Amino acid sequence: MSADETGLTFLDRPNSYIGRSVPRPNARRLLQGRGIYVDDLKLPRMAHVAFLRSPYPHARIRGIDTAAAKAAPGVFAVVTGAEMARVCTPWVGVLGHFKGLKSAPQYPLAIDRACWAGEAICAVVAASRAEAEDAVALLAADLEELPAAVEMERALDPDETVIHPDLGDNLAFERLLDVGEVDAAFRDAAVVVEETFQVGRHTGVCLEPRAILADWDAGEEKLTVHHSFQAPHMMQDILCKHLGLPEASVRVVCKDVGGSFGIKVHIYPDEMATVALSLMLKRPVKFVADRLESFTSDIHARDHRVKGRMAFAADGTILAAEIDDLTGIGPYSVYPRTSAVEANQVVNLVGGPYRHRNYRARARVVFQNKTPMCQYRAVGHPIAVMVTEGLVDLGAARLDIDPVEIRRRNVIPDDAHPSTAASGIRFEQLSHQAALARLVEMMDYPALRAEQAALRARGIHRGIGLATFVEITNPSAAFYGVGGARISSQDGCTLRLNPQGGVVAAIGVTEQGQGTEAIVAQVVATAVGVPMEQVRVVTGDTDATPYGGGTWASRGAGIGGEAAWQAGKALRQNVLVVAGAILQADPASLDLRGGRVVDAATGTERMPLAELGRIAYFRPDTLPPGLQPEFVVTRHYVPKDYPFAFTNGVQAAWVEVDPDTGFVRLLRHWCVEDCGTVLNPQLVDEQIRGGIVQGIGAALFEECRYDRTGQFLNATMADYLVPMAAEMPDIAVAHVVSPTLSSEIGAKGAGEAGTAGAPAAVINAINDALRPLGARVTSQPASPEVILRALGRV
Amino acid sequence: MTGGDRQVFNNRTINKNAAPLNGDRARIQGEDTRKVKAPDFAYERPESLDQVFDLLERHGDEARILAGGQSLLATLNMRLSSPGLLVDIGRVPGLAGVARAGQTIRIGAMTRHCDLAAAPPVQAHLPLLARAVPHIAHPAIRNRGTIGGSVALADPAAELPACCLAMGATMVLASRGGERRVAAADFFQGLFRTVLEPHELLAAIEVPVPPAGSVAGFDELARRHGDYAIVGLAAQGVPAGAGWQGLALAFFGADDRPVLATAAAAVLAEGGGIAAAQAALDRDLDPPGDLNGDPATKRHLARVLLGRVVGAMAEGR
């Protein structure tokens, strides 16, 4: 954050909307049910597609008899994998900067082999979804069930089925890291702790399922794709590549999106198939995943087993850490981001908050016949934080040091930045010490410990769990671009001043329900100097917005917001030049505030913006010769100083464990985090709270359960337990503000901090409660059965 | 929760006059009105019991009774079942409501969960039901779901079948030939199986008014409020010194049907104490494992519930 040419910082702008919880401009529309989601769209001649999906985790497709389905009422077409491969080319989910990462070509519909239960193997297009489903039931697929590789622990065994024989084995990727003198540190340590952590496979569960409506207009040779998605420009680029279309022929529109969490930023075979079908049939084709399809074909996440150990000096100083991570990603590395990123993040993030210089890590990513796994909210973070914070708590207990105190002694000090963690990740400015101090004060830690002790005496087992974390936000091209993925890390914002003083802002970041459009409107209104009601924000349309990356890795506010700020400043400057000419004043002596041109020094109104607009647009003849108003401006932004703008924070959970039933009651939860400049406190706090709830889901409830043969056991909302309001604790949120100097607005991301830290806080709290009983849980979700087993009760 | 866990609305193929089962799609005008997801079915909404019996006799196994729809419509929409005809009994007079006649309280099969808990005879005499109803799913489902639907579905993890067992209820099965009465203990035959014949309708549930001094106990362990219980217990009995008279312990979520724990109840009746009853419970229960726990976990949790529920009953809570 820096002072601009007027001497004012971002926060000092008169009439600033920054730092205020102003209502979201789209809230009323959404609350009135006026949102437009993909399934709300109905186009003339629109058809619906339903898919036959493999019932087997691994099967050879000997043939599919389509005759009865083709003859069924309402059916327009039945298309197999081989037929579709003539229209849409396959893809391989690898990236250049993940050396050795391998995967197999993936097709929109499986051709010879299905590799997970739920993979689409044939498509039926009909006049209605119901007719398409009726016809799917008439498809006779001759499938030969093949041995399946299911358990990730067995994926690399010599006798295990190799899913893609051409690849040689089931090892998709391996990363090794060895920094400092790890062996010496462990040898010289006063205490070494060791643990194996299991983090279960779970998924995103969006309220609005994946949905796509593709409309190929053969006359105009234009493909318009309405998509519930996070990255419209990326989708446009990929559609061009795999369908052989020029860029100008493809438009991707992402209007309202009912939640995404990283689920809707990947290339899904059934969605590519839907677009290809529109090309083949020359009519609009819609696909909306039902809940069963969502569970079995949306990407899953996590599914890690991490062996970790940590070395401590007698005073609690962390000397070294070592981890061995194993993760199963399903049968394909997902395109185009790949499925190696989560394991890579685990390697990068373990030990991230702390000062130790010795670190060794191995991560192995293996194929298995389960639903593909890829990036979901807080990629890698909750695993790394669980491992790190679990080991820190073990060390604290062994050394009889209070959990707050051991963290205080080990975090990278606030005045030591810029700094680098043992894994090599670089921090511009973090605030662990301040955040920890604020947390202790918020939760009244000493009083809570006293309460815990008093209750223990009465047989009530409560625990406090802490989790310090760092969070990756505002990614530069280092994330994907350097690896060859055509995923934009830069974003642009175009502003247009209209004659009445209204401003239209078109921007590449997208709205998923999280409030991006509100943030952009706040920044633009502040930067230009107009009332927020005068700003209309356009997102999610490749024909209408500057090129950009969309929404992922907590980049909307930090990157999109900075582009909007720069564009707003430029537009204001252009307006003031024209105002100066009209008012015969030095533009530098003028400012734009609240939709009025004012004298900068006194604030006295000189001219309403609408009058300036009238002159510029309708009476330009009265302007001085040579003065051409430029009331459309575009500015772009990409972070360059650092690969990522790391944020930091700390969470605490207060829980009660019933040792007879293994049930956990969540009593309170606290989070202090530092996302730099807080643009809209309410939106940031709700991002944190929502993220914490998703993290609690992982800690206690959510898991994609498979049997030993690879069948998904709980693919319904009755059996897959998402966290519900009744079980959630009150969540208190506070902030430390360390703006990034990489941008003028100084905002970093806040979308993943909650999910990053919550599981570790909750699990550590459970273990704190169980400590007097000599029990400890290390696997998530910590179901009642897991806790009862830890207690030896069953 | 009861068999009904999902609130599902579905506007397909609603046509009172369509000849059922003829395979002809009864279409409502407009392309998109035939929404996903249920397979085609015919629908009838008879207005008398005679019409219900006509339909049941004519269509046999192909017909399914639609009561509150909280379980059936979900199974249709997931295409787990595909009956040819749904017989909606929502307009048949006399099937809803709770009334006392002498020492019996008659609960109409179409009595919805929300009305059941609020009915004065239930409030006055059947505290077990009043305690159980708030555990059934969520308000939206309790507003639609019915006791008859829950009991006839016979989901082994549902609350009301176990309550019927604990209260010694009698199921009133109506057919063209009249009514027959079946004790709850004989009614439930296994996973989603009862003695109901295809031509029969569960018309009512008759519950004896508990004797003076009777106390009720109810609790269940569910991962989230409103979920199917991992295991639950509905209990009723009269304290008698250190023991009990007429004690019934009905566990749910512990087998393929609600189960009366007779061995444990016998121990308690004799004043044998909770620990001994918990030990005896192993003879009563042989729970299969499921997603929420293996048999050992379920046995353990059943013992814990027994201690808590009976302990609370003994203390008059």
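Residues numbered from 1 in each chain as written. Chains lettered and ligands numbered in written order. Predicted model: local features only at pLDDT ≥ 70, side-chain atom pairs only at ≥ 80, totals over all residues. Heavy atoms only, no water.

Turning to the pattern of salt bridges, a few remarks are in order. All told, the structure shown has 78 salt bridges over all chains when counted by the stated rule. For the salt bridge of A:Glu611 with A:Arg614, the shortest nitrogen-to-oxygen distance reads 2.8 Å. Remark: A:Arg614 and A:Glu611 occur in helix α16 (residues 609–618); sequence separation between them is three residues, near one turn of the helix. For A:Glu611, a relative accessible area of 28% gives the class partly exposed. Where B:Glu179 meets B:Arg181, a salt bridge forms, and the shortest distance between an N and an O atom there is 3.3 Å. The exposure class of B:Arg181 is partly exposed, given its relative accessible area of 46%. Taken together, the shared-partner salt bridges in this structure form one network comprising A:Arg53, A:Arg129, A:Glu133, A:Asp134, A:Arg210, A:Asp270, A:Glu271, A:Asp290, A:Glu293, A:Asp298 and B:Arg79. (Salt bridge = Lys/Arg side-chain N within 4 Å of Asp/Glu carboxyl O. Helix = DSSP H or I, 4+ residues; strand = E, 2+ residues; numbered from the N terminus. Buried < 20%, exposed > 50% of the residue type's maximum accessible area, 1.4 Å probe, protein only.)

Turning next to the environment of A:Glu247. All names here are of chain A. Structurally, Glu 247 is set in the loop between α6 (232–243) and β11 (250–253). Residues Glu 247 and Lys 222, 25 residues apart in the sequence, show an inter-C-alpha distance of 9.8 Å. Residues in contact with Glu 247, not counting those within four places in the same chain, are Gln 236, Asp 237 and Cys 240. (Contact = heavy atoms within 4.5 Å.)

Residues and elements named next belong to chain A. In terms of domain boundaries, chain A breaks down into domain 1 (10–35 + 490–637), domain 2 (38–146 + 209–257 + 263–297) and domain 3 (300–476 + 641–790). For domain 2 and domain 3, the distance between their C-alpha centroids amounts to 36 Å. Counting residues at the interface gives 33 residues for domain 2, matched by 28 residues for domain 3. Of the roughly 2600 Å² buried between domain 2 and domain 3 on both sides combined, carbon and sulfur atoms contribute 66%. For domain 2, the biggest contributors to the area lost against domain 3 are Phe 98, His 266 and Phe 295; these three give 25% of the whole. Our enumeration of links across domain 2 and domain 3 arrives at zero salt bridges. Here domain 2 and domain 3 share eleven residue pairs in polar contact (both at pLDDT 80 or more) between them. Of all the secondary structure elements, the ones that give two or more residues to the side of domain 2 that touches domain 3 are α6 and α8 (291–297). For the side of domain 2 that touches domain 3, the leading source of residues is α8, giving five residues. In terms of residue class, the side of domain 2 that touches domain 3 is built from 21 nonpolar, eight polar and four charged. (Domains from an automatic or database assignment. Buried area = accessible area lost by both parts, 1.4 Å probe. Polar contact = N/O pair within 3.5 Å; in protein donor to acceptor, adjacent residues only side chain to side chain. Nonpolar A, V, L, I, M, F, W, Y, C, P; charged D, E, K, R; others polar.)

All names here are of chain A. Checked against the element boundaries, His 164 lands in the loop between β6 (140–145) and β7 (171–179). Residue classification places His 164 among the buried positions, given a relative accessible area of 4%. Setting aside anything within four residues of it in sequence, one finds His 164 in contact with Ala 104, Arg 113, Cys 115, Pro 331 and Tyr 332.

Along any regular strand the residues' side chains alternate between the sheet's two faces. Residues and elements named next belong to chain A. Taken across its seven residues, strand β19 (residues 491–497) has five buried, putting it largely inside the fold. Where β19 and strand β25 (residues 632–637) come together, six bridges link them in antiparallel fashion. Paired with Arg 496 across the bridge in β25 is Val 632. Summarising the sheet, β19 and strand β20 (residues 503–507) pair through five bridges and their orientation is antiparallel. Its bridge partner lying in β20, Cys 493 is registered against Ile 507. Where β19 hands over to β20, the hairpin turn is made up of five residues, of which Gly 501 adopts a positive phi near 100 degrees. (Pairing = 2+ DSSP bridges.)

What follows is about the interface of chain B and chain A. Each side of the interface is counted separately: chain B has 31 residues, and chain A has 37 residues. Carbon and sulfur atoms make up 51% of the area that chain B and chain A hide from each other, which totals about 3000 Å². Where chain B packs against chain A, one counts five salt bridges. Between B:Arg79 and A:Glu133 there is a salt bridge; the shortest N-O distance is 3.7 Å. For the pair chain B and chain A, the number of links is ten residue pairs in polar contact (both at pLDDT 80 or more). Take the side of chain B that touches chain A: its biggest share by element is six residues, from helix α12 (residues 295–314) of chain B. In terms of residue class, the side of chain B that touches chain A is made up of nine nonpolar, six polar and 16 charged.

So, about the pairing of strand β10 (residues 201–208) of chain B. Residues and elements named next belong to chain B. Across the eight residues of β10, seven count as buried, placing the element largely inside the fold. When strand β5 (residues 104–108) meets β10, the two strands line up antiparallel, connected through five bridges. What sits directly across from Ile 105, in β10, is Val 207. In this structure, strand β6 (residues 170–175) lies alongside β10, joined through five bridges in antiparallel fashion. Following the sheet pairing, Met 171 is matched in β10 by Ile 205.

Residues and elements named next belong to chain B. Read across the open sheet, the five strands follow the order β4-β5-β10-β6-β7; overall the sheet is antiparallel. A single partner strand is all that each edge strand has here, and the edge strands are β4 (98–101) and β7 (178–183). Pairs of neighbouring strands in the sheet enclose a mean axial angle of 25 degrees, with direction left out of account. Across six bridges, the pairing between β6 and β7 is antiparallel. Counted as the bridge partner of Ala 174 is Glu 179 from β7. (Axes fitted to C-alpha atoms, helices over the stretch in contact; angles between N-to-C directions.)

A:Leu223, A:Leu239, A:Leu700 and A:Ile766 are the most contacted members of the largest nonpolar core, which totals 147 residues. Counting contributing residues, this core receives three or more from each of domain 2 (38–146 + 209–257 + 263–297) and domain 3 (300–476 + 641–790) of chain A. Setting aside its immediate chain neighbours within four residues, A:Leu700 contacts A:Val664, A:Leu666, A:Val762, A:Ile766, A:Pro781, A:Ala782 and B:Arg223. Core analysis: the next-biggest nonpolar cluster, separate from the first, contains 52 residues, A:Val524, A:Leu576, A:Leu592 and A:Ile745 among them. (Core = buried A, V, L, I, M, F, W, Y, C linked by side-chain atoms within 4.5 Å.)

Here the focus is the packing of aromatic side chains. Residue and element names in this part refer to chain A. Under the counting rule described, the total for this entry stands at 16 aromatic pairs over all chains. Ring centres 5.3 Å apart and planes at 85 degrees place the aromatic pair Phe 479 and Phe 644 in the edge-to-face group. Linking Phe 479 in the loop between β18 (461–471) and β19 with Phe 644 in the loop between β25 and β26 (647–658), this pair joins segments that are 165 residues apart in sequence. Take Phe 479 and Phe 644: they sit in the same class, and that class is buried. Measuring from centroid to centroid gives 6.2 Å for Phe 644 and Phe 646, while their planes differ by 80 degrees, and the two rings are edge-to-face. By relative accessible area, which is 4% here, Phe 646 ends up buried. (Phe/Tyr/Trp six-rings, centres within 6.5 Å; stacked < 30°, edge-to-face > 60°.)

A few words now on the domain arrangement of chain B. Residues and elements named next belong to chain B. Per the domain assignment, the segments making up chain B are domain 1 (98–208) and domain 2 (215–314). For domain 1 and domain 2, the distance between their C-alpha centres works out to 20 Å. If you look at the interface, domain 1 gives 23 residues, while domain 2 gives 22 residues. When domain 1 packs against domain 2, close to 2000 Å² is buried across both sides, 63% of that on carbon and sulfur atoms. Area buried by domain 1 at its contact with domain 2 is led by His 135, Pro 156 and Leu 165, which between them contribute 26% of it. There are zero salt bridges connecting domain 1 and domain 2. Linking domain 1 to domain 2 there are six residue pairs in polar contact (both at pLDDT 80 or more).

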